[in-house]
Amino acid sequence: MSKASVYSSPGFDFSNLVRNNFLHEKGLPLPKATSTGTTIVGCVYKDGIVLGADTRATEGDIVADKNCEKIHYITESIRCCGAGTAADTEFTTALISSNMELHTLQSGRKPRVVTAMTMLKQMLFRYQGHVGAALVLGGVDATGPHLFTIHPHGSTDKLPYVTMGSGSLAAMAVFESGWQPNMDRDQALNLVKAAIAAGIFNDLGSGSNVDACVITASSTEMLRNVEMPNVRVQKERDYKFRRGTTAWKKEEVRSLITEESVTLLTGGDEMDTS
Amino acid sequence: MSIMDHNGGSVIAMVGKDCVAIAADMRLGNQALGISSNFQRVFPVTDRIFVGLPGLASDVATLHERFRYRVNMYTIKEGREIEPETFAHLVSSTLYEHRFGPYFIEPVMAGISKTPTGKTKPFIAATDLIGCLNFAKDFVVAGTASTKLYGVAEGLWEPDLEPEDLFETISQTMLNAVDRDAFSGWGAVVHVITKDKVITRALKGRMD
């Protein structure tokens, strides 16, 4: 169905469904979307919340992105880690972030973590699990620090320490042996780093670097690539080719405009009323 | 066989020193039967942005027209040319709108973007078929030969290649990767984009 209007309506567009289902019936399987196999964690400590995530994005068996960002911005003091279908986590968190800003402007109050949690769970339940986003939502608001997990079907849990994703078991093992209430910042950050590292090294769907985020009542600190335990070694050889190696049949060079200057012409443009 | 393999085709984009390059093969097939060795799947969006659309050929045509429409509307409303990062998000949104009935394309974008200080910066990005963006610093690949392209590019790419060296590296990556893929090949085209010109070359490759 093509739209006559210039403005496209918000929300999902289902116009390809008939065609895609037909192709599927003919025996052509739907291609795999990018998944963040993932290890994501969150834990409450004395002054607030520490969130952690790995940085690998997979497309089936292949690593599509070696350094993606899985800790998404919701508001200044609220962040959300996302596991599952990468496009879903990206767009769902962006939508709720936008709605949280509007809500803040309308209510005149500092945003609360439960508000974001409710918006997320109600949306995910509405789509009955088809939006594959498994989230760890954490932040500090006027009522204190809060940490939630949200599953793709819309269920939520409120806990002092959580893990999600394919590496959640490896990370939870670290948490269960190391977590204590009222840890200080360094203890909490080291625990989170160890939990993510457990996921990176033991789970095939997680890998590359550790991202962390420390949220307190007064500040939020994004620690992008706080640990990089998988840096590639320097290549021993240079693989540049001799210029002229590749044979080509046709060449076309298009020069682009790099500078434009406007010269105003004086006279000649005025209306002549003589 | 997956829908993405029906027509075949692959695209790669690489970052160099103040330049980017995007390359694609030219094969259009109907499963095993090759139909055209002159199928264009890389299109200019603006003077400095190119988009490659590997996947189902009819969606290549549809998406090309959809993006052309949306970029034109953007240019009219904003009164200026679209920047590469913005275009990448435009592609991502367009694909995510069709989350539950996707287009069978995995777009690859390459361009030169302007920094706030006025200097230029090379830019590449790719998305999966539902719009998950991947902003890589080195190279992005998509299509039936993507696994081979990953392997060869991982071996041959190095940072800060000059335009002529980047051309050689991306060409050799493309030619050798598609030679190991039955559904890609039948010629290749490379565009090297610098801040003041675009060099387009049609490569001589194996036609089997």
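Quantities reported herein were computed from a predicted structural model and do not represent experimental measurements. (Residues numbered from 1 in each chain as written. Chains lettered and ligands numbered in written order. Predicted model: local features only at pLDDT ≥ 70, side-chain atom pairs only at ≥ 80, totals over all residues. Heavy atoms only, no water.)

Residues and elements named next belong to chain A. Mapped onto the elements, Thr-92 comes out in helix H2 (residues 86-107). When its relative accessible area of 1% is taken as the criterion, Thr-92 is described as buried. Looking at Thr-92, its side chain comes within polar contact range of the main-chain oxygen of Asp-88, at 2.6 Å. (Helix = DSSP H or I, 4+ residues; strand = E, 2+ residues; numbered from the N terminus. Buried < 20%, exposed > 50% of the residue type's maximum accessible area, 1.4 Å probe, protein only. Polar contact = N/O pair within 3.5 Å; in protein donor to acceptor, adjacent residues only side chain to side chain.)

Once that is clear, we can look at the pairing of strand S8 (residues 120-127) of chain B. Along any regular strand the residues' side chains alternate between the sheet's two faces. Residues and elements named next belong to chain B. Direction of pairing for strand S7 (residues 108-114) relative to S8: antiparallel, over a ladder of seven bridges. Paired with Ala-110 across the bridge in S8 is Ile-124. Between S7 and S8, which pair antiparallel one after the other, the connecting turn spans five residues, and Gly-118 there sits at a positive phi close to 105°. Strand direction decides the pairing type here: S8 and strand S9 (residues 133-134), joined by two bridges, are antiparallel. Residue Thr-127 lies in a different strand from S9, and its bridge partner there is Leu-133. Hairpin geometry of S8 and S9 is characterised by an intervening segment of five residues between the two adjacent antiparallel strands and by a positive phi of about 100° at Gly-131. (Pairing = 2+ DSSP bridges.)

The next subject is the sheet that holds S9(B). Taken in spatial order, the five strands make up an open sheet running S5-S6-S7-S8-S9 (chain B), and their pairing is antiparallel. Two strands lie at the open edges of the sheet, namely strand S5 (42-46) and S9 of chain B, each paired on one side alone.

Let us now look at the interface of chain B and chain A. Tallying the contact residues gives 60 residues for chain B and 61 residues for chain A. Summing the contributions of chain B and of chain A, the shared interface buries around 5,100 Å²; its carbon and sulfur component is 55%. Contact with chain A buries area across many residues of chain B, yet B:Tyr96, B:Phe100 and B:Glu168 alone supply 14% of it, more than any other trio. For A:Glu251, the salt bridge is made with B:Arg201, and the minimal N-O distance between the two is 2.7 Å. Our count for the chain B to chain A interface comes out at 29 residue pairs in polar contact (both at pLDDT 80 or more). Listed by contribution, the elements that provide at least two residues to the side of chain B that touches chain A are helix H1 (57-78), helix H2 (84-97), helix H3 (146-156), helix H4 (163-178) and strand S12 (197-203) of chain B. Sort the elements by how many residues they give to the side of chain B that touches chain A and H4(B) lands first, with eight residues. Class assignment for the residues of the side of chain B that touches chain A results in 24 nonpolar, 15 polar and 21 charged. Relative to S12(B), strand S14 (residues 248-255) of chain A runs antiparallel, the two sharing seven bridges. (Contact = heavy atoms within 4.5 Å. Buried area = accessible area lost by both parts, 1.4 Å probe. Salt bridge = Lys/Arg side-chain N within 4 Å of Asp/Glu carboxyl O. Nonpolar A, V, L, I, M, F, W, Y, C, P; charged D, E, K, R; others polar.)

Time to look at the UniProt feature "domain: Proteasome beta subunit C-terminal" (unreviewed entry) in chain A. As annotated by UniProt and renumbered to match this structure, "domain: Proteasome beta subunit C-terminal" (unreviewed entry) occupies residues 229-262 of chain A. When the span residues 229-262 of chain A is considered, its composition is 0% helix and 24% strand, and the gap between its end C-alpha atoms is 54 Å. (UniProt positions renumbered as here; feature names shortened; annotations may be inferred.)

A separate point is the environment of B:Ala142. Looking at the secondary structure, you find B:Ala142 in strand S10 (residues 139-143). Once you skip the residues sitting within four places of it in the chain, B:Ala142 turns out to touch B:Ser10, B:Val11, B:Pro54, B:Glu106, B:Val108 and B:Leu149.

Enumeration according to the criterion identifies twelve aromatic pairs over all chains in this entry. Ring geometry for A:Phe14 versus B:Phe100: centroids 6.1 Å apart, planes at 5°, classification stacked. Highlighted residues: A:Phe14 in the segment before helix H1 (17-25) and B:Phe100 in the loop between H2 and S7, drawn from two different chains. With a relative accessible area of 43%, A:Phe14 lands in the partly exposed category. These aromatic residues form a ring-pair network of at least three members: A:Phe12, A:Phe14, A:Phe91, A:Tyr127, B:Tyr96 and B:Phe100. The aromatic ring of A:Tyr239 is capped on one face by A:Arg237, whose charged end is 5.0 Å from the ring centroid. Positioned above the aromatic ring of B:Phe167, the side-chain terminus of B:Arg201 is 4.5 Å from the ring centre. (Phe/Tyr/Trp six-rings, centres within 6.5 Å; stacked < 30°, edge-to-face > 60°. Lys NZ or Arg CZ within 6 Å of the ring centre and 35° of its normal.)

Given a rise of 1.5 Å per residue, 22 residues ought to cover 32 Å, and the 31 Å separating the end C-alpha atoms of H1(B) matches this to within 8%. Among all positions in H1(B), only B:Ala57, B:Asp59, B:Val60, B:Leu63, B:Phe67, B:Arg70, B:Val71 and B:Tyr74 are buried. Within H1(B), the buried residues cover an arc of 130° as seen down the axis, which keeps them to one side. Facing away from the buried side of H1(B) by more than 90 degrees, the exposed set consists of B:Glu65 and B:Ile76. Looking at the buried positions of H1(B), the neighbouring elements they touch are H1 of chain A together with strand S3 (28-30), S5 and H2 of chain B. Residue B:Gly79 follows H1(B) closely and has a positive phi angle near 70°. (Expected span 1.5 Å × (residues − 1). Arc of directions from axis to C-beta.)

If you trace the six strands from one edge of the open sheet to the other, you get S14(A)-S12(B)-S11(B)-S2(B)-S1(B)-S10(B), paired in antiparallel fashion. With partners counted over all chains shown, the strands left at the sheet margins are S14 of chain A together with S10 of chain B, one partner each. The sheet shows a mean angle of 10° between the axes of neighbouring strands, direction not considered. As judged from the six bridges shared by strand S11 (residues 188-194) of chain B and S12(B), these two strands associate in the antiparallel manner. Bridge pairing in S12(B) links B:His191 to B:Thr200. (Axes fitted to C-alpha atoms, helices over the stretch in contact; angles between N-to-C directions.)

Quick look at the packing of H1(B) against H2(B) now. All names here are of chain B. H2 packs onto H1 with a crossing angle of 125° between their chain directions and a minimal axis gap of 11 Å. In terms of their interaxial angle, H1 and H2 are classed as oblique. Judged by the twist between their axes, the crossing of H1 over H2 is right-handed. Counted together, Leu-63, Arg-66, Phe-67, Arg-70, Val-71 and Tyr-74 of H1 and Thr-86, Phe-87, Leu-90, Val-91, Thr-94, Leu-95 and Glu-97 of H2 form the full contact between these two elements. Among the residues making up the contact of H1 with H2, the classes are represented as eight nonpolar, two polar and three charged. (Parallel < 35°, antiparallel > 145°, perpendicular 65-115°, else oblique. Left-handed = near helix turned anticlockwise from the far one by under 90°.)

Right, let's talk about the nonpolar core for a bit. By size, the foremost hydrophobic cluster in this structure holds 31 residues, and its most contacted members are A:Ile74, A:Ile96, A:Leu135, A:Leu137, A:Ile150 and B:Phe104. Secondary-structure elements contributing two or more residues to this core are strand S7 (78-85), H2, helix H3 (113-126), strand S8 (133-141) and strand S9 (144-150) of chain A. Take this core: its biggest share by element is six residues, from H3(A). Apart from residues no more than four positions distant in its own chain, A:Ile150 is found in contact with A:Met117, A:Leu120, A:Lys121, A:Leu124, A:Ala133, A:Ala134, A:Leu135, A:Leu137, A:Ser155, A:Thr156 and A:Met164. Core analysis: the second largest hydrophobic core is formed by 25 residues, B:Cys19, B:Leu149, B:Ala153 and B:Leu166 among them. (Core = buried A, V, L, I, M, F, W, Y, C linked by side-chain atoms within 4.5 Å.)

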